[in-house]
Structure formats: C-alpha cells, structure tokens
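# Breakdown of the fold
Listed below, chain by chain, are the residues.
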Amino acid sequence: MASPISERLINSILKLVGRSEWLSAIVNRILIGRIIGVARRRPHPFGTVHDYTSWRSLTDRTYSARHLESYLRTDYPPVENLLELFRRGDGPQRHCPKSTCLFPTFAQYLTDGFIRTETDETIPDRLKRNTSNHEIDLCPLYGRTLAQTMALRLRDETPGRRGRLKTQVIDGEEYAPFLFDGDEIAPEFEALDKPLGLSDLTGERAERRKTLFAFGGDRANSTPQVAMMNTLFLREHNRLAAMLEDANPHWDDDRVFETARNITIVVFIKIVVEDYINHIAPLPFRLRADPVVAWKAPWNRTNWITTEFSLLYRWHSLVPDMIEWKGEKTPVARTFMNNRFLIDGGLRRGFADMSGQAAGALGPFNTTAALLDVEKASILQGRATALAGYAAYRDYVSLSKPRRFEDISTNPRVIEILKRNYKKPEDIEFFVGLFAEDRAKNAPLPPLILKMVALDAFSQAMTNPLLSEHVFNDRTFSREGMKVIEETGSLRELVLRNTPPGDDDVFIGMTRPEWVFET
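All values reported here derive from a predicted model rather than from experimental measurement.

## Here's the deal with the overall build of the protein chain
If you tally the helices and strands in the protein chain, you get 21 helices and 10 strands. Relative to its length of 519 residues, the protein chain is compact, with a C-alpha radius of gyration of 23 Å against a globular reference of 24 Å. If you line up the protein chain on its principal axes, its C-alpha atoms span 70 × 60 × 50 Å. Counting all 519 residues of the protein chain, 58% fall into the buried class. In the protein chain, the share of contacts with a sequence separation of at least 24, taken over all contacts with a separation of at least 6, comes to 75%. Accessible surface, the protein chain: about 22,400 Å² in total, of which carbon and sulfur atoms supply 52%.

## Examining the side chain of Ser 64
Along the chain, the position of Ser 64 falls in the loop between α3 (55-59) and β2 (65-66). Leaving out residues up to four positions away in the same chain, Ser 64 has contacts with Gly 47, Thr 48, Lys 128, Arg 129, Asn 130, Trp 304, Ile 305, Thr 306 and Thr 307.

## A look at the nonpolar core
Residues Phe 106, Phe 233, Tyr 276, Tyr 313 and Trp 315 are the most contacted members of the largest nonpolar core, which totals 146 residues. In terms of residue count, helix α9 (residues 253-280) provides more of this core than any other element does, 15 residues in total. When sequence neighbours within four positions are dropped, the list of residues in contact with Tyr 313 reads Ala 107, Leu 110, Thr 111, Ile 115, Tyr 276 and Val 453.

## Considering the pattern of salt bridges
This structure, assessed with the given rule, holds 33 salt bridges. In this structure, the salt-bridge partner of Lys 376 is Glu 80, at a minimum N-O distance of 2.8 Å. With Lys 376 in helix α15 (residues 372-384) and Glu 80 in helix α4 (residues 79-82), this pair connects stretches of sequence that are 296 residues apart. Residues Glu 157 and Arg 162 are paired through a salt bridge, measuring 3.9 Å at the closest nitrogen-oxygen approach.

## Observations concerning the packing of aromatic side chains
For the structure shown, the criterion picks out 21 aromatic pairs. Between Tyr 109 and Phe 268, the ring centres sit 5.8 Å apart and the planes meet at 85 degrees, which makes this aromatic pair edge-to-face. Taken together, the positions of Tyr 109 in helix α5 (residues 102-114) and Phe 268 in helix α9 put the pair 159 residues apart, joining distant regions of the chain. Take Tyr 109 and Phe 268: they sit in the same class, and that class is buried. An aromatic cluster of at least three residues, connected via ring pairs, comprises Phe 103, Phe 106, Tyr 109, Phe 114, Phe 233, Phe 268, Tyr 276, Phe 309, Tyr 313 and Trp 315. Over the face of the ring belonging to Phe 257 we find Arg 153, whose NZ or CZ atom lies 4.3 Å from the ring centre. The ring of Tyr 175 has Arg 235 lying over it, and the distance from NZ or CZ to the ring centre is 5.1 Å.

## Observations regarding the pairing of strand β9 (residues 328-331)
Here strand β8 (residues 322-325) pairs with β9 via 4 bridges, running antiparallel. From the neighbouring strand, Glu 324 faces β9, where its bridge partner is Lys 329.

## A word on the packing of α5 against α9
Between α5 and α9, whose axes approach to 11 Å, the crossing angle comes to 135 degrees. Compared by their axis directions, α5 and α9 come out oblique. The two elements α5 and α9 meet at a crossing, and its hand is left-handed. Contacts between α5 and α9 pair Phe 103, Phe 106, Ala 107, Tyr 109 and Leu 110 from the former with Phe 268, Ile 271, Val 272, Tyr 276, His 279 and Ile 280 from the latter.

## Some remarks on the packing of helix α8 (residues 224-247) against helix α20 (residues 474-487)
At a minimum axis distance of 10 Å, the contact between α8 and α20 shows a crossing angle of 140 degrees. Overall, the two elements α8 and α20 adopt an arrangement that is oblique. Crossing geometry of α8 relative to α20 is assigned as right-handed. The segment α8 lies against α20, with Glu 236, Arg 239, Leu 240, Met 243, Leu 244 and Ala 247 engaging Phe 477, Ser 478, Glu 480, Gly 481 and Val 484. Looking at the contact of α8 with α20 residue by residue, the class counts come to 6 nonpolar, 2 polar and 3 charged.

## Description of α5
Helix length check: α5 (13 residues) gives 19 Å between terminal C-alpha atoms against 18 Å at 1.5 Å per residue, within 8%. Across the 13 residues of α5, 12 count as buried, placing the element largely inside the fold. Within α5, burial applies to Leu 102, Phe 103, Pro 104, Thr 105, Phe 106, Ala 107, Tyr 109, Leu 110, Thr 111, Asp 112, Gly 113 and Phe 114.

## Topic: helix α17 (residues 412-421)
Inspection of α17 places Val 414, Ile 415, Ile 417, Leu 418 and Asn 421 among the buried residues, and these make up the whole buried set. Across the axial projection of α17, the buried residues extend over an arc of 165 degrees, all falling on one side. Those residues of α17 that are buried are in contact with α4 and α18 (430-436). With a side-chain oxygen positioned 2.9 Å from the backbone nitrogen of Arg 413, the residue opening α17 is Asn 411.

## Notes on the environment of Ile 508
Secondary-structure assignment places Ile 508 in the segment after α21 (491-497). Separated by 14 residues in sequence, Ile 508 and Leu 494 place their C-alpha atoms 10 Å apart. Setting aside residues no more than four positions away along its own chain, Ile 508 makes contact with Leu 102, Phe 351, Ala 352, Ser 355, Arg 492 and Val 495.

## Some words on unusual backbone geometry
Note that the residue after Arg 42, namely Pro 43, is joined by a cis bond; omega there is 0 degrees. Relative to the helices and strands, Pro 43 resides in the loop between α2 (21-36) and β1 (46-47). Phi is positive for Asp 125, close to 60 degrees, though the residue is something other than glycine. Along the chain, Asp 125 falls in the loop between α5 and α6 (139-142). The class for Asp 125 is partly exposed, based on a relative accessible area of 37%. Positive phi values are uncommon outside glycine, yet Arg 155 reaches one of about 55 degrees. On the basis of relative accessible area, Arg 155 is assigned to the exposed category, the value being 51%.

Basis of the calculations
Residue numbering note: each chain is counted from 1, following its sequence as written. It should be noted that, the model being predicted, local features are given only for residues of pLDDT at least 70 and side-chain atom pairs only at 80 or more, the latter also being counted only at that level, while totals for whole chains, interfaces and linings use all residues. Side-chain numbers here rest on the full set of heavy atoms in the structure, without hydrogens or water. Secondary structure elements follow DSSP: runs of H or I of four or more residues count as helices, runs of E of two or more count as strands, with numbering from the N terminus. Note that the radius of gyration is over C-alpha atoms, with the globule rule given as 2.2 Å times the number of residues to the power 0.38. Only protein chains enter the accessibility calculation, which uses a 1.4 Å probe; a residue is then buried when its area is under 20% of its type maximum, exposed when over 50%, and partly exposed in between. In this description, contact between two residues means that some pair of their heavy atoms is separated by no more than 4.5 Å. Using a 1.4 Å probe, accessible areas were evaluated by the Shrake-Rupley method; residue-level cover was limited to the displayed protein chains. What is meant by a nonpolar core is a set of buried Ala, Val, Leu, Ile, Met, Phe, Trp, Tyr and Cys residues, joined one to another through side-chain atoms within 4.5 Å. Salt bridge criterion: a side-chain nitrogen from Lys or Arg within 4 Å of a carboxyl oxygen from Asp or Glu. Centres within 6.5 Å make a pair out of two Phe, Tyr or Trp rings, where for Trp the six-membered ring is used; the pair is then stacked when the planes are under 30 degrees apart, edge-to-face when over 60, and tilted otherwise. Consider the ring centre and the ring normal. A charge sits over the ring if Lys NZ or Arg CZ is within 6 Å of that centre and within 35 degrees of that normal. For two strands to be treated as a pair, DSSP must find at least two bridges joining them. Geometry is summarised by axes, namely lines fitted to C-alpha atoms with helices restricted to the contacting stretch, and by angles between N-to-C directions that run from 0 to 180 degrees. Here is the rule for angles: anything less than 35 degrees is roughly parallel, anything more than 145 is roughly antiparallel, 65 through 115 is roughly perpendicular, and the remaining ranges are oblique. What makes a crossing left-handed is the near helix being turned counterclockwise from the far one by less than a right angle; a clockwise turn instead makes it right-handed. Polarity classes work like this: nonpolar for Ala, Val, Leu, Ile, Met, Phe, Trp, Tyr, Cys and Pro, charged for Asp, Glu, Lys and Arg, and polar for all others, with Gly in that last group. For a helix, the expected span equals 1.5 Å multiplied by the residue count minus one. Here the arc refers to the directions that run from the helix axis out to each C-beta atom. Polar contacts, as counted here, are pairs of nitrogen or oxygen atoms within 3.5 Å of one another; within protein the pair requires one atom able to donate a hydrogen and one able to accept it, and residues that are adjacent in sequence qualify only if both atoms are side-chain atoms.

Here it is as structure tokens:
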C-alpha cells in the first residue's frame with residue numbers, strides 16, 4: 001500500500017497528466033494494463049462444470065468460469081449467523097458519500113445483460129450455470145437470440161422507418177410497446193424471455209402487468225429505473241437509425257438496423273468506462289475507452305463470465321428504502337415491476353430524480369430485512385460453487401492477505417461477528433469477506449470488490465469484438481457513427497438528446513455534486 005506522501009504525489013502527477021492529450025493516452029493504456037494485469041489472463045483453467053480442468057470446463061460456456069480452482073470444505077458456520085453481518089436492524093440506512101441512485105441503476109442494468117445465473121430450478125447445477133452471451137451486447141434492449149431481436153424490430157423498408165425498433169408514443173415520448181395484449185402476452189412477443197417475477201404480479205399487483213414493456217431482457221422491467229435505462233438506449237438506437245437512413249438512403253432496413261446497433265453498443269461501452277468506471281475509480285484521472293489499448297495486449301481474449309463476478313455484484317444495500325419519483329418518496333417495494341412511475345414522470349425527470357438522491361452505502365449492517373433472503377442465497381451460492389476463501393482472492397489480485405480480523409475492518413461489531421464464526425481470517429468465505437471490508441478511500445466500494453470489478457469490467461469491455469483492430473472503423477459504424485462514438489461519453493449526453501426540450505442544466509450523474517476528492 002502506498003504511503004500518504006507517495007499517494008498524494010501520484011495523484012498530483014495524474015492530475016497534471018490529464019491536461020495533456022498525448023500523455024493521457026499513454027497513461028490510460030498503462031493504467032488499464034495494470035488494472036487487468038493483477039490476475040491471470042483468460043482462458044481460465046477452472047470452471048464450475050468440474051472441480052478440475054476438463055475439455056467441457058474449457059469449452060462449455062453454459063457453465064461459468066472461475067478465477068480460482070474449487071475449494072471443497074464442510075466446516076461452514078450456520079448461514080443464519082452470518083446474516084447478522086448484513087442486517088440493518090431498526091436504525092436508519094447509511095448513505096454513500098459519493099454515489100447517487102443513478103450509480104446502482106446503471107450497475108444493475110449493465111450486469112443484468114451479461115451476469116445471468118441460470119434461473120430454471122429444474123436444471124441440475126443451476127447455480128453453476130448461466131444464460132449469458134458473455135459479451136456487453138445490450139441484450140436487455142436487443143434480446144439474447146436472433147428470434148428475440150426479430151420480434152423487437154419494426155422490419156419495415158418504408159423510407160423513414162428503416163432499421164428501427166418497435167415503439168409507441170405516450171404523452172409525446174417514445175417507449176417500447178407494452179408486452180401484454182389484454183391478459184396475455186402479445187403473440188408478436190412470444191419469443192421474448194418472460195420477465196422474472198411475473199408470477200408475483202397477482203391480486204392488487206396484477207395491474208402492473210399493463211405497464212410492462214416488450215424488452216429483450218427478462219430483468220429489464222424489474223424496476224422503473226432499469227426500464228428507464230433501457231428506454232434511453234432504445235431511443236438512441238432509433239435516433240441513430242434515422243441519422244443513418246438520412247445519410248445513406250440506399251441502405252436497406254437490415255443494414256440501417258445492424259449499423260445503428262453496432263454504434264449503440266459501442267456508445268454503451270464508452271459510458272461503462274468513461275461514466276461508470278470513472279465514478280468507481282479512486283483516481284484524479286479520467287480513464288478512457290480507447291480501443292487501441294487492447295489491440296496488441298496479451299490480455300485480449302474471448303470473454304467468459306466468472307462465478308465470482310456474478311457474486312461480487314450483489315449490491316443490495318445501495319438501493320434506498322424509499323425512492324423518489326416525480327417529487328414523491330415511495331417505498332421501493334411499490335416500484336417493483338411498476339413502470340407507471342417512469343411513464344407518469346417522463347424519461348428526463350426519471351434520470352434527474354435518480355441523480356438527485358443519494359445511494360445507500362455498500363457494506364455491513366445496511367441491508368433491509370426484505371432483502372436478507374437474497375444475501376442468504378448469495379452465501380449459499382458461494383458454497384454450492386465451492387469458491388475459495390476471501391483471503392485467497394485478495395492474494396490473487398495482489399492485495400495483502402489479512403493476518404488478523406482487524407486487518408479486514410475497523411468496525412468492532414464486524415470484527416466480533418467474524419471472530420465468532422471463523423477460526424482465522426483464511427476461513428472467511430468469499431461473499432462474506434467482500435462486504436465486511438471498509439469502503440476504499442474515494443470510492444463507493446470496498447477494496448476487493450473495487451479491484452475485481454475494475455479487472456473484469458475492463459477485460460470484458462475492451463475486448464468486445466466491435467472494438468477490435470480490424471472492426472473499429474467507419475466501414476463498421478459509418479463516418480456519422482464514428483463521430484457519435486467519439487463525441488459521447490456520459491449518460492447525461494444521451495438523455496439530453498433523447499428527451500423533449502426542457503431544463504438543459506438539470507443535473508444527471510452518478511457522483512453527488514457535493515462530493516470532493518480526498519487527497
């Protein structure tokens with residue numbers, strides 16, 4: 001760990017470097033390489049299909065990969081005892097000093113697209129398997145399969161309609177069509193994955209079915225703020241399709257659609273890096289999604305989602321108990337699969353609302369009682385997949401291994417719970433240790449989560465096929481598309497160009513305006 005003096009010196013140098021375009025490009029490449037270089041390059045020799053390396057573990061991507069080989073043990077403490085580490089109790093929810101609610105909204109939307117543990121409980125080894133395409137591909141918008149994509153497309157060669165996704169207009173704003181036609185899913189959308197949680201919409205909740213959108217992702221209707229994110233990228237796709245058709249009137253519907261899709265995915269990846277990762281990173285230097293950094297890099301390998309990545313993104317305490325929509329605070333449970341909040345307020349107001357309230361703090365003693373069963377399921381999934389312990393993963397990503405329980409947290413209650421349930425720090429389970437740590441300085445996340453999120457995010461975002469050396473050019477995206485990619489780096493830019501005219505000074509961002517970088 002750097003000393004306070006060397007840390008201040010490094011931060012000062014990074015601030016100076018950020019003023020030079022040429023130096024920034026060099027440092028950007030070095031920093032991304034160092035972030036990814038803390039761990040082994042893909043392909044990983046380990047997977048969840050077997051407890052050893054096999055041909056299936058190296059090729060069957062319906063099973064998740066894993067960073068460390070399986071670690072079989074039977075001496076786990078009772079999971080109910082560990083929930084005390086997560087339970088908030090009767091006290092108020094702690095809030096993150098850095099993050100707005102737009103941060104967990106984007107995190108959920110991003111991860112719902114490619115961290116997809118198998119949900120069908122009839123499938124053997126469900127917790128070891130996934131339904132992911134293993135790419136950042138905006139499948140919540142476009143679907144996971146060709147049949148789903150075709151169901152969502154307008155597919156019309158009429159001038160002025162080429163390349164578009166299906167939409168409807170409500171109060172002057174563009175949204176996806178509704179999924180239901182009366183009491184049944186519309187026949188044109190039968191190919192789509194049914195929304196997760198649909199069976200819970202009974203009784204008084206049944207009315208919410210009328211507000212569900214026909215989306216490519218089964219989780220994209222989970223909350224109105226996630227639906228808000230998908231709606232933004234739907235509008236951006238159709239805006240780009242109109243731009244491309246106008247510039248290339250000889251292009252058919254397929255080419256307009258595929259080119260608009262290419263551009264939208266890369267714009268999304270740029271926002272992942274330049275908006276989301278920069279919010280997470282505890283650096284006074286803005287990282288950039290420069291495709292060149294991966295072209296000759298030894299870590300440029302085909303993506304494969306790991307089971308560790310799916311567990312470390314269980315950020316339940318970031319979501320506030322009460323969430324504000326259109327000036328009114330509402331219990332989060334009331335917003336579940338209820339897009340009426342988004343429709344009534346409109347897209348720009350929704351982004352402003354999420355940006356105007358603080359996210360919860362990630363860490364111990366901050367999970368509401370309603371979500372404790374989800375924390376329990378996460379601990380059990382770590383056991384079912386025989387993950388190595390928390391200390392082994394710190395060592396894997398070049399963080400110091402804890403020698404004492406006091407090395408993990410400064411909170412006496414955390415230390416007491418860990419000591420009561422584990423004989424020594426090496427025994428602490430991966431999921432438990434992740435959320436027992438203190439928050440990292442200048443970041444919304446604890447150190448191990450921070451390190452692994454950056455590692456996997458960069459190694460999976462920058463290796464996207466659309467960013468590869470012989471694909472990233474104006475033949476793939478068009479000259480107009482390349483200009484859009486070059487000029488876009490934040491959600492705010494997308495919101496302002498895809499919503500009706502209004503207050504262009506409205507704050508839209510993941511970082512709270514009052515937050516100050518701590519030197």
